[in-house]
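Each chain, written out:
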Amino acid sequence: MPLRRGRVGRPGLIGTIARTAVVAGTATATSNAMNRRGAQRAAEQQAYAQQQAPPPPPQQQAPPPPAAPSAGNDTVAQLSTLAELHSAGALSDAEFAAAKAKLLS
């Protein structure tokens, strides 16, 4: 049986450097693969969420401004109509206040 010459026991400096390089390279490759996979999953989830989002509701047009008052009784009827539109949500607070001021002036 031939005798083997060389180091026995712990590896030398070159062997330690080589082992460290292999471990570090493997760790870097694994980390990069995990980061790419996570980014791909996040992009897929975002695309899915955008597909599932409901379309925005259509904008409603504001009702036409009320006609000029011709009598006192007519003003009360128009104010009640404005109040109904406001409570139904067809008029915002600002629109309701502007229309009411226009009626009362």
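Residues numbered from 1 in each chain as written. Predicted model: local features only at pLDDT ≥ 70, side-chain atom pairs only at ≥ 80, totals over all residues. Heavy atoms only, no water.

Undergrad: Could you clarify how one ought to interpret the overall build of the protein in this entry?
TA: On a plain count of helices and strands, the protein comes out with three helices and zero strands. Reading the protein from its N terminus to its C terminus gives the helix and strand order α-α-α. Split into buried and exposed, the 105 residues of the protein put 7% on the buried side. Accessible surface, the protein: about 9300 Å² in total, of which carbon and sulfur atoms supply 59%. (Helix = DSSP H or I, 4+ residues; strand = E, 2+ residues; numbered from the N terminus. Buried < 20%, exposed > 50% of the residue type's maximum accessible area, 1.4 Å probe, protein only. Areas by Shrake-Rupley, 256 points an atom, 1.4 Å probe, with all protein chains shown as cover.)

Undergrad: Help me understand the environment of Glu 95, please; the structure alone is not making it clear to me.
TA: Take Glu 95: it is sitting in helix α3 (residues 93-104). For the pair Glu 95 and Ala 62, spaced 33 residues apart in the sequence, the C-alpha separation amounts to 9.0 Å. Polar side-chain contacts of Glu 95 include one of 3.0 Å to the backbone nitrogen of Ser 92. (Polar contact = N/O pair within 3.5 Å; in protein donor to acceptor, adjacent residues only side chain to side chain.)

Undergrad: What am I meant to see in the nonpolar core here?
TA: Soluble globular proteins tend to pack their nonpolar side chains together in the buried interior. Of all hydrophobic cores here, the largest spans five residues; its members are Leu 82, Leu 91, Phe 96, Ala 99 and Leu 103. With three residues, the single largest contributor to this core is α3. Look past the residues within four positions of Leu 82 in its chain and what remains in contact with it is Leu 91, Phe 96, Ala 99, Lys 100 and Leu 103. (Core = buried A, V, L, I, M, F, W, Y, C linked by side-chain atoms within 4.5 Å. Contact = heavy atoms within 4.5 Å.)

Undergrad: Would you take a moment to explain the environment of Gln 60 for this structure?
TA: Tracing the sequence through the fold places Gln 60 in the loop between α1 (13-52) and α2 (72-88). Using a relative accessible area of 70% as the deciding quantity, one classes Gln 60 as exposed. Separated by 30 residues in sequence, Gln 60 and Ala 90 place their C-alpha atoms 8.2 Å apart.

Undergrad: How should the confidence of the model for the protein be read in this particular structure?
TA: In low-pLDDT regions, the fine details of the predicted coordinates are not to be read closely. Averaged over all residues, the pLDDT of the protein equals 83, while 83% of them reach at least 70. Per-element averaging of pLDDT across the protein places α2 at the bottom with 84 and α1 at the top with 92. (pLDDT = per-residue confidence, 0-100.)

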